[in-house]
Amino acid sequence: MDNCIFCKIAKGEIPSNKLYEDDKVIVIMDLNPVVDGHSLVIPKKHVTDFTELDDELLTHINKVAKEVGTKLVDVLGTSALQLVVNYLDAQEVKHYHLHIIPNNRCAKATRSSQETYEMIKDSFK
């Protein structure tokens, strides 16, 4: 979609704090994190919501979330991890994305997304 912000980020037309990228997905830091390390797994192909995902892409997204989530827990020293997918009216951007939210139960964002990115980016190389 031409006007989709996540499609533009995936194409490199809009800068982002990228933690991971392959041919199918990109993982970026959320610009408005609810906690430090709040990240998004975004398919590069425009898919409006989880009902449009094929099983292969869904499996890949979950595999990447597992890898990234584990690193976030290790690097940030958090004690919890939450994976969230919003749907229908709860979905602000109409391009499927999976939120990876470290330590959601007992923390809030204390740093900007950029500060957290600078702290953890080298762990994802």
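For the structure, check the block above.
What counts and what doesn't
Residues numbered from 1 in each chain as written. Predicted model: local features only at pLDDT ≥ 70, side-chain atom pairs only at ≥ 80, totals over all residues. Heavy atoms only, no water. Helix = DSSP H or I, 4+ residues; strand = E, 2+ residues; numbered from the N terminus. Rg over C-alpha atoms; globule rule 2.2 N^0.38 Å. Buried < 20%, exposed > 50% of the residue type's maximum accessible area, 1.4 Å probe, protein only. Areas by Shrake-Rupley, 256 points an atom, 1.4 Å probe, with all protein chains shown as cover. Lys, Arg positive; Asp, Glu negative; His and termini not counted. Charge placed at Lys NZ, Arg CZ, Asp CG, Glu CD. 1 Å grid on protein atoms, 1.4 Å probe; cavity = no way out; pocket = protein on both sides within 12 Å on 5 of 7 lines; lining within 4 Å. Points joined across faces, edges and corners; volume = space filled by probe spheres on them. Nonpolar A, V, L, I, M, F, W, Y, C, P; charged D, E, K, R; others polar. Expected span 1.5 Å × (residues − 1). Arc of directions from axis to C-beta. Contact = heavy atoms within 4.5 Å. Polar contact = N/O pair within 3.5 Å; in protein donor to acceptor, adjacent residues only side chain to side chain.

### Focus: the overall build of the chain
Consideration 1: In terms of regular secondary structure, the chain is built from three helices and five strands.
Consideration 2: The order of α-helices and β-strands along the chain, N terminus first, is α-β-β-β-α-β-β-α.
Consideration 3: Relative to the 2.2 N^0.38 estimate, which gives 14 Å for 125 residues, the radius of gyration of the chain is 14 Å and therefore close to what a compact globule would have.
Consideration 4: When burial is assessed residue by residue, the chain has 42% of its 125 residues classed as buried.
Consideration 5: When the accessible surface of the chain is totalled, it reaches about 7,200 Å², and 50% of it is carbon and sulfur.
Consideration 6: The positive charge centre, built from 15 side chains, and the negative charge centre, built from 19, are 4 Å apart in the chain.

### As for the layout of surface pockets
Rolled over the atoms, a probe as big as a water molecule pinpoints where empty space is left.
Consideration 1: Reported here for the largest pocket is a volume of approximately 430 Å³.
Consideration 2: If you trace the largest pocket, you find 21 residues lining it, with Phe6, Asp30, Asn32, Leu40 and Val93 closest to the centre.
Consideration 3: Those elements that provide at least two residues to the lining of the largest pocket are α1 (5-10) and β2 (25-29).
Consideration 4: For the lining of the largest pocket, the element with the most residues is α1, which contributes three residues.
Consideration 5: Looking at side-chain class alone, the lining of the largest pocket contains 11 nonpolar, eight polar and two charged residues.

### Considerations on helix α2 (residues 55-76)
Consideration 1: The first and last C-alpha atoms of α2 sit 31 Å apart over 22 residues, in line with the 32 Å expected at 1.5 Å per residue.
Consideration 2: For α2, the set of buried residues is Leu57, His60, Ile61, Val64, Ala65, Val68, Gly69, Leu72 and Leu76. The arc that holds the buried residues of α2, viewed along the axis, is 165 degrees, so those residues lie on one side. Seen from the open side of α2, the exposed residues pointing more than 90 degrees away from its buried face are Asp55, Glu56, Thr59, Lys63, Lys66 and Asp74.
Consideration 3: Elements that come into contact with the buried residues of α2 comprise β1 (18-21), β2, β3 (39-43), β4 (81-84), β5 (98-102) and α3 (113-120).

### A few points about the side chain of serine 39
Consideration 1: When you line up the elements, serine 39 lands in strand β3.
Consideration 2: Here glycine 37 takes part through its backbone oxygen, which lies 2.8 Å from a polar atom of the side chain of serine 39.

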